Amino acid sequence: MTLRVPGPLADEIRRHGVAAYPAECCGALIGRVDGTDKEVVRLAPAVNRRTDDPHRYLIAPDDLRRLERDVRAEKLEIVGYYHSHPDHPAVPSRFDADHAWPWYSYVIVRIDHGRGAELASWRLDDQTPVMQPESLDVFSEV
């Protein structure tokens, strides 16, 4: 499966990470599934409700329920989530893997000393509690 993200949305994820720095940002990836691809058509930035550790994120259950209802009304779906790793690689932590759900894409953006850097997409393996790299296609909309 490939996660397809328009370049302007990838830039928006980076900007969100920079704005939240040195804490983590978070949000949902809204889109459609087309065969073996997931295509992101918009983002739903979320408030990071985690207050005890700036290097973790939490989307509150009430926020997520509201978002799911709104997305269904648009005939779209949540295809994944994104968050930032301030001054750490765009690689899932053990915490990320422990809190991930199968099927969903997890985009991580590295924020390097306050600047947006690389994006990577990951999925939780269906058989083991390990995050596997997922193909990420950041494309230009021409």
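Just so you know, the residues in each chain are numbered from 1, in the order the chain's sequence is written. Under the rules for a predicted model, residues below a pLDDT of 70 receive no local features and side-chain atom pairs below 80 are neither given nor counted, while totals for whole chains, interfaces and linings still include all residues. With hydrogens and water excluded, all non-hydrogen atoms of the structure serve as input to the side-chain values.

**A look at the nonpolar core**
Point 1. Among buried residues, the Ala, Val, Leu, Ile, Met, Phe, Trp, Tyr and Cys ones that are joined through side-chain atoms within 4.5 Å form a nonpolar core. When a residue's accessible area, from a 1.4 Å probe over protein chains only, is under 20% of the maximum for its type it is buried; when over 50% it is exposed; and in between it is partly exposed. If you look at the biggest cluster of nonpolar residues, it comprises 23 residues, and the most contacted ones within it are I30, I78 and Y81.
Point 2. Those elements that place two or more of their residues in this core are strand 2 (26-34), strand 3 (37-46), helix 2 (61-73), strand 4 (77-86), strand 5 (105-112) and strand 6 (115-124).
Point 3. With near-sequence residues (within four places) excluded, Y81 lies in contact with G27, A28, L29, I59, L64, W101, Y104, S105, Y106 and V107.
Point 4. Within the second largest apolar cluster, 15 residues are counted, among which are V5, A10, V79 and L119. Think of it this way: any DSSP run of H or I at least four residues long counts as a helix, any run of E at least two long counts as a strand, and we number them from the N terminus. Whether two residues are in contact is decided by their heavy atoms, any of which lying within 4.5 Å being enough.

**With respect to helix 2**
Point 1. Here, expected helix span is obtained from the residue count minus one, scaled by 1.5 Å. The first and last C-alpha atoms of helix 2 sit 18 Å apart over 13 residues, in line with the 18 Å expected at 1.5 Å per residue.
Point 2. Taken as a whole, helix 2 has its buried residues at D63, L64, L67 and V71. In an axial view of helix 2, the angular spread of the buried residues amounts to 95 degrees, which keeps them on one side of the axis. Summarising the geometry of helix 2, the exposed residues directed more than 90 degrees from the buried face are R72 and A73.
Point 3. Among the structural elements, strand 2, strand 3 and strand 4 are those in contact with the buried residues of helix 2. What the arc measures is the spread of directions leading from the helix axis to the C-beta atoms.

**Some words on the sheet that holds strand 6**
Point 1. Spatially, the seven strands close up into a barrel ordered 1-3-2-4-5-6-7, and their pairing is mixed. Going across the sheet, the axis of each strand differs from the next one's by a mean of 35 degrees, ignoring polarity.
Point 2. Two strands form a pair only when DSSP identifies at least two bridges running between them. Of the pairings in the sheet, the one linking strand 2 to strand 3 comprises nine bridges and is antiparallel in character. Residue pairing in the sheet places V33 in a bridge with K38 of strand 3.
Point 3. Between N-to-C directions, angles span 0 to 180 degrees; the directions come from axes that are lines fitted to C-alpha atoms, helices contributing only their stretch in contact. The strands touched by helix 1 (residues 7-20) within the sheet are strand 1 (2-6), strand 2, strand 3, strand 4, strand 5, strand 6 and strand 7 (131-139), with strand 3 carrying the most contacts at an inclination of about 30 degrees.
Point 4. Together, strand 2, strand 3 and strand 4 form the strand contacts of helix 2, whose direction differs from that of strand 4 by roughly 135 degrees.

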